[in-house]
Amino acid sequence: MEEVRVRIAPSPSGNLHIGTARTALFNYLFAKKNNGKFVLRIEDTDAERTSQAYIDNIFDSLKALGLNWDEGPDVGGPYGPYTQSERFDIYPKYVQELLDKGFAYECFCTPEELEAEKEEATKNKKPYVYSKKCENLTEEQKAKLRAEGRKPAIRFNIQKAQKAFHDSSILKFDDLVKGELHMDTDLLGDFVILKSNGTPTYNFAVVIDDMLMKISHVIRGEDHISNTFKQILIFEALGAEVPRFGHLGMILAPDRSKLSKRHGATAVSEFVEKGYLTNALINFVALLGWSPSDGQEIKTVDEIAQDFRIGEISSSNSIFEYDKLNWMNSHYIKMLPIEELKEKLKPYLTKYDLSELTDAEYTRMVEVTREPLTLLSDITDAVPYFFGDDVEIEPEVQTDVLDTEISQNVLKEFVSQAQNWDWTEENLHEKLEIFRGEFKEKGIKPKVTMWAIRAAVTGRTKGADMTAILAIIGKEKSIKRSKAAIK
RNA sequence: AGCGGUAUCGUCUAGGGGUUAGGAUAGCAGAUUCUCAUUCUGUUGACACGGGUUCGAAUCCCGUUGCCGCCGCCA
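Residue indices follow the written sequence of each chain, beginning from 1 at its first position. Each chain is given a letter, starting from A, and each ligand a number, starting from 1, according to the order in which they appear as written. With the structure being a predicted model, the display of local features is reserved for residues of pLDDT at least 70 and the display and counting of side-chain atom pairs for 80 or more, all residues being used for whole-chain, interface and lining totals. Calculation of side-chain values draws on the structure's entire complement of heavy atoms; hydrogens and water are dropped beforehand.

Focus on the overall build of chain A
Stage number 1. The secondary structure content of chain A amounts to 21 helices and 11 strands.
Stage number 2. For a compact globule of 487 residues, the expected C-alpha radius of gyration is about 23 Å, and chain A comes in at 32 Å, more than 25% above that figure.
Stage number 3. In terms of overall dimensions, chain A has C-alpha extents of about 105 × 50 × 40 Å along its principal axes.
Stage number 4. Accessible area is worked out with a 1.4 Å probe on protein chains only. A residue is then buried under 20% of its type maximum, exposed over 50%, and partly exposed in between. The burial tally for chain A puts 51% of its 487 residues in the buried class.
Stage number 5. The long-range share in chain A, meaning contacts at least 24 apart out of those at least 6 apart in sequence, stands at 76%.
Stage number 6. His is not counted, nor are the chain ends; Lys and Arg add positive charge and Asp and Glu add negative charge. To locate a charge, take NZ of a lysine, CZ of an arginine, CG of an aspartate or CD of a glutamate. With 64 positive and 79 negative side-chain charges, chain A shows a spacing of 3 Å between the two charge centroids. The numbering of helices and of strands both runs from the N terminus, where a helix is a DSSP run of H or I of at least 4 residues and a strand a run of E of at least 2. A radius of gyration in this sense is built from C-alpha atoms; the matching globule rule multiplies 2.2 Å by the number of residues raised to 0.38. Contacts are assigned to residue pairs with any non-hydrogen atoms lying within 4.5 Å of each other.

In structure tokens form, the structure reads like this:
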């Protein structure tokens, strides 16, 4: 069997979209599963919308997700260049071949003429297809048009190609995920393959690139299905081997529209900035359409690759809901080795002076505050009381907790006892247990006792393990804050 | 409008001519803890609709509807 070669071909007109990341993942999984090659190609034929920043973002995001490519613009490969704008000189040859074979023709129509055709179609409630007005222009007519200064675009002759290679006007192909797909090509209009400015259009450039790069399987979004019919005909007209195609359902926003900015993050890098782990992201996105045979949903990309069968991917669209992503992210945060987590949390702790804590204290702080984190960024608001001398008391905490007589009594007792305590976490744990016990005998619930201390020391009624907090911030600060809360 | 795709709990999905239609997440309830959270246990919740085939349809067939996509000298 021939080598499996797949590709992801993003257009750098924006940061790497989460949908593109999923397409890239399925290509990557397919390559891994079949010992094939995963190729990255940058489709930047539209110079206006392209920027280097986007190209960098695509590279970085793909790498962060662990989707490493075997061939691409940066690493090279036998079928380069892998950036479309650097391939402009190789397309004309194939345009000429199509022209010579009679599968393409020059079109001198102006944008206005084309527009008129479209309006006519909408007026008659008919689907628009190009009229083929320029299909049979004589050499004299062309010369005349050229003399007027008109530059022709090149159109592909759909029906001619269809007739040359198929018995009827119905074109079929066997889709890797959707099964047999068919289309009446008489309903398709002759489309432009070379713009009048000499640059190739998407539908033409992809075919040439996929052919030259020996791509064996094209796995992409189902929004490309109609392009596929056109592209198959070009492959055939060129006498090239037609790759196998597989079309994935789309990722939709909760309102079933296209996932866009208005729904929140769309780019992988935005999710990362918000505090999502790339492991969680890629795992989550894999579950949109694919499901594990063993029911175990938490899996690394390599584990998924083992279990991956493209024919088992769901062929319907799926909705991107944050619930499960969030659950998965918090799960991955819990699983993260502590040293790694400490590093990943630092960008979200810049408003605090980390030098106030020793490394051991910082480690402990992360250990006791990681549990409730959904996003890495949640750490910011979870830890203010570990820093600074004083603490900000929430208004309701002041009135509901600190102002009560019980709390005042607890704090007075706490301050007087704690002066003499040995300030290690183990000892504090023991002492506080006894402390709670003493108040319990006076009819005060342990919960209430601890609330008083927690409120005074952290300014809040909820948070991490109280013993650990006291140990981390130290005896001096703990007592100072407690005293400050006593009236 | 036309063409194409698609349809199982709110969501992601498993399954598939006779099942208590399974799991995950979210929701709800309870247990545990100094609080919140975590964790654990329990629980609510689905085969779009109509016809056909059949002893029997959620499953097969046809149609309808909804939703998505495509109809560019964008990619």
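Topic: the packing of helix H17 (residues 405-418) against helix H21 (residues 475-485)
Stage number 1. Between H17 and H21, the shortest axis-to-axis distance is 9 Å and the interhelical angle comes to 150 degrees. Of the possible angle classes, the one that applies to H17 and H21 is roughly antiparallel. The crossing of H17 and H21 is left-handed. Along the contact surface, H17 presents Gln408, Leu411, Phe414, Val415 and Ala418, while H21 presents Lys475, Ile479, Ser482, Lys483 and Ala485.
Stage number 2. Tallied by class, the residues present in the contact of H17 with H21 amount to 6 nonpolar, 2 polar and 2 charged. Lines are fitted to the C-alpha atoms to define the axes, a helix being fitted only along its stretch in contact, and any angle between axes, read from their N-to-C directions, falls within 0 to 180 degrees. Throughout, the term roughly parallel applies to angles under 35 degrees, roughly antiparallel to angles over 145, roughly perpendicular to angles from 65 to 115, and oblique to all others. Two helices crossing with the near one rotated counterclockwise from the far one by less than a right angle form a left-handed crossing, whereas a clockwise rotation gives a right-handed crossing. Gly counts as polar in this scheme, as do all residues outside two lists: the nonpolar Ala, Val, Leu, Ile, Met, Phe, Trp, Tyr, Cys and Pro, and the charged Asp, Glu, Lys and Arg.

Thoughts on the sheet that holds strand E3 (residues 104-107)
Stage number 1. An order of E3-E4-E7 is seen for the 3 strands of this open sheet, with the pairing classed as antiparallel. Only two strands of the sheet have a single partner each, and these edge strands are E3 and strand E7 (192-194). Adjacent strand axes in the sheet meet at a mean angle of 45 degrees when their direction is disregarded.
Stage number 2. DSSP bridges decide pairing: two strands pair if at least two such bridges lie between them. Looking at chain direction, E3 and strand E4 (residues 153-156) are connected through 4 bridges and run antiparallel. Bridged to cysteine 107 within E4 is alanine 153.

Let's talk about the protein's contact with RNA strand B
Stage number 1. Whether a residue is near a molecule or strand is decided by its heavy atoms; if any one of them lies within 4 Å of it, the residue is near. With respect to spatial proximity, 57 residues lie near RNA strand B, and among them Lys195, Leu287, Glu297, Glu371 and Asp465 are the closest.
Stage number 2. One of the backbone N or O atoms of glutamate 43 is found 3.3 Å from a sugar or linking oxygen in RNA strand B.
Stage number 3. For RNA strand B, a phosphate oxygen lies 2.8 Å from a polar atom in the backbone of isoleucine 319.
Stage number 4. If you list the elements that add at least two residues to the surface near RNA strand B, you get helix H4 (111-123), E4, strand E6 (179-184), helix H8 (225-237), strand E11 (318-319), helix H12 (322-335) and helix H19 (446-458).
Stage number 5. In the surface near RNA strand B, the residues fall into 19 nonpolar, 16 polar and 22 charged. Counting of polar contacts relies on pairs of N or O atoms within 3.5 Å, with two restrictions inside protein: one atom must be capable of donating a hydrogen and the other of accepting it, and residues adjacent in sequence are counted only when both atoms are side-chain atoms.

Observations regarding unusual backbone geometry
Most peptide bonds take the trans form, and the phi angle of most residues other than glycine is negative.
Stage number 1. Cis geometry is adopted by the peptide bond preceding proline 81, which originates at glycine 80 and carries an omega value of -5 degrees.
Stage number 2. Here proline 81 is to be found in the loop between helix H2 (52-64) and helix H3 (91-101).
Stage number 3. Of note, lysine 125 is a non-glycine position whose phi angle comes to about 55 degrees, a positive value.
Stage number 4. If you trace the backbone, lysine 125 turns up in the loop between H4 and helix H5 (139-147).
Stage number 5. Judged by relative accessible area, which is 78%, lysine 125 ranks as exposed.
Stage number 6. Positioned with a positive phi, arginine 256 is a non-glycine residue whose angle comes to about 70 degrees.
Stage number 7. Along the chain, arginine 256 turns up in the loop between strand E10 (251-252) and helix H9 (268-274).
Stage number 8. On the basis of relative accessible area, arginine 256 is assigned to the exposed category, the value being 61%.

Some details on the pairing of strand E5 (residues 170-175)
Stage number 1. Because side chains alternate across E5, one face comprises the buried residues Leu171, Phe173 and Asp175, and the other comprises Ile170, Lys172 and Asp174, none of which is buried.
Stage number 2. The sheet contact formed by E5 and E6 spans 6 bridges and is antiparallel. When the sheet's bridge partners are listed, isoleucine 170 is paired in E6 with aspartate 184.
Stage number 3. The hairpin formed by E5 and E6 contains 3 residues between the paired strands.

What to know about the pattern of salt bridges
Stage number 1. For this analysis, a salt bridge means a side-chain nitrogen from Lys or Arg found within 4 Å of a carboxyl oxygen belonging to Asp or Glu. A complete count under the given rule lists 30 salt bridges for this structure.
Stage number 2. Lysine 123 serves as the salt-bridge partner of glutamate 120, at 3.8 Å between the closest nitrogen and oxygen. Of this pair, glutamate 120 and lysine 123 both sit in helix H4, 3 residues apart, which is roughly one turn of the helix.
Stage number 3. Between arginine 150 and glutamate 148 there is a salt bridge, and its shortest N-O distance comes to 3.7 Å.

Things to note about the side chain of threonine 45
Stage number 1. Here threonine 45 shows up in the loop between strand E2 (37-40) and H2.
Stage number 2. Discounting residues that sit within four places of it in the chain, threonine 45 has contacts with Gln84 and Phe88.

Let's talk about the layout of surface pockets
Stage number 1. Think of a 1 Å grid over the protein atoms and nothing else: a 1.4 Å probe that fits but is trapped marks a cavity, an open set flanked by protein within 12 Å on at least five of seven lines marks a pocket, and residues with an atom within 4 Å of a point count as lining. Grid points are joined across faces, edges and corners, and a volume is the space filled by probe spheres set on the points. The space that makes up the largest pocket amounts to roughly 1,100 Å³.
Stage number 2. Lining the largest pocket are 35 residues, with His17, Gly19, Thr20, Asp223 and His224 positioned closest to its centre.
Stage number 3. Residue assignment for the lining of the largest pocket shows that the elements contributing at least two residues are strand E1 (5-8), helix H1 (18-33), helix H7 (202-212), strand E8 (217-221) and E10.
Stage number 4. A per-element tally of the lining of the largest pocket places H1 first, with 4 residues.
Stage number 5. Partitioning the lining of the largest pocket into residue classes produces 14 nonpolar, 13 polar and 8 charged.
Stage number 6. Taken as a whole, the second largest pocket holds about 290 Å³ of empty space.
Stage number 7. Lining the second largest pocket are 16 residues, and of these Glu2, Lys214, Ile215, Ser216 and Glu241 lie nearest its centre.
Stage number 8. Its residues assigned to classes, the lining of the second largest pocket comprises 8 nonpolar, 2 polar and 6 charged.

Remarks on the environment of leucine 25
Stage number 1. The residue leucine 25 is located in helix H1 in this model.
Stage number 2. A sequence separation of 280 residues divides leucine 25 from alanine 305, and the C-alpha atoms of the two residues are 9.6 Å apart.
Stage number 3. For leucine 25, the residues in contact, after removing those within four places along its chain, are Leu67, Ile282, Val285, Ala286 and Val301.

Digging into the pairing of E2
Stage number 1. As defined by bridge partners, E1 adjoins E2 across 4 bridges and the pair is classed as parallel. Directly across from isoleucine 8, in E2, lies its bridge partner leucine 40.
Stage number 2. With its strands directed away from the observer, a crossover is right-handed exactly when the path from the first strand over the helix to the second travels clockwise. The β-α-β motif built from E1, the intervening H1 and the parallel element E2 has right-handed crossover chirality.

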